[in-house]
Amino acid sequence: MRRIVVAGLGAAVMTAFSLGALGATTDGTTTFTIKIVNVSKDDTLQLPGGAAVKAPIAPGVYLVDHMASVFVPGRPATAELQALAEDGNFEPLQHALEAEFGARAGMFAPGLEFTVTAKPGDRLSFATMFVQSNDKFYAPAGGSLALFDANGDPISGDLTTFIRLFDAGTEVDQRPGAGSDQAPRQKTANQGPDQGGVVAEANDGFVYPAVGEVIHLEIEVVR
């Protein structure tokens, strides 16, 4: 089984949502720093029998583009997204995105800042696995998040409220943190019965932690 590298911080500095024109360059682009942080605690995910554990996220992928996104809600997951959502294997999706979009795509490690350059109309898309699951991942609502407001000014601050937990629809779901076909407990990658569904916000009848108890998204404009 592929080893999943997870990283996170026990706390995150919350900043107010703000707008501004800082960071704009003469060619109309703006540079942003982005940090996607795991903020789960030792008791974030409740397990059967009253036990509780952390709820880690895995290294993920991102894309900055005005139309395209890492995935499309309502459509079947690609094989590359399936690998990320089921096994925490970001590399196939990273390579596919970089082959198509070049430097506008890449990978990130939870808790480590990365930098992107964008112009008005561009949106941020990303995906990172909810590790204690069969095929769940966090991503922006609708697949992507606008990096500029209606006036063309860059956004910044704590944008966690725009994140959702998605189901890749590729593997039959088990109780989070307890399934034998989930990455921390499975014997091989891609273990578990196929679901044959489509990508959608998680709604499988199981109880998951609130998004803000697991992941935070911070975006800042480079000064």
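Here, every reference points to the structure presented above.
Residues numbered from 1 in each chain as written. Predicted model: local features only at pLDDT ≥ 70, side-chain atom pairs only at ≥ 80, totals over all residues. Heavy atoms only, no water.

(A) Spotlight on the nonpolar core. In this structure, Phe-32, Ile-34, Ile-36, Leu-217 and Ile-219 are the most contacted members of the largest nonpolar core, which totals 30 residues. Secondary structure elements with two or more residues in this core: strand S2 (30–38), strand S5 (60–65), strand S7 (114–118), strand S8 (123–129), strand S12 (163–167) and strand S14 (215–221). Ranked by residue count, the leading element in this core is S14, at four residues. Residue contacts for Ile-36: discarding those within four places in its chain leaves Ile-57, Phe-108, Ala-109, Pro-110, Gly-111, Phe-114, Phe-126, Ile-215, His-216 and Leu-217. Grouped together as the second largest cluster of nonpolar side chains are 19 residues, Val-61, Leu-93, Phe-101 and Ala-127 included. (Core = buried A, V, L, I, M, F, W, Y, C linked by side-chain atoms within 4.5 Å. Buried < 20%, exposed > 50% of the residue type's maximum accessible area, 1.4 Å probe, protein only. Helix = DSSP H or I, 4+ residues; strand = E, 2+ residues; numbered from the N terminus. Contact = heavy atoms within 4.5 Å.)

(B) Summary view of the pattern of salt bridges. Evaluated as defined, the whole model comprises nine salt bridges. Notably, a salt bridge pairs Asp-122 with Arg-104, separated by 3.1 Å at the nearest N-O pair. Of this pair, Asp-122 sits in the loop between S7 and S8 while Arg-104 sits in the loop between helix H2 (91–101) and strand S6 (105–108); the two residues are 18 residues apart in sequence, bridging distant segments of the chain. The residue Lys-136 makes a salt bridge to Asp-204 at a minimum N-O spacing of 2.9 Å. One end of the pair, Lys-136, is in strand S9 (residues 136–140); the other, Asp-204, is in the loop between strand S13 (200–201) and S14, with 68 residues separating them in the sequence. Several salt bridges converge on common partners, so that one network encompasses Asp-135, Lys-136, Asp-167, Asp-173 and Asp-204. (Salt bridge = Lys/Arg side-chain N within 4 Å of Asp/Glu carboxyl O.)

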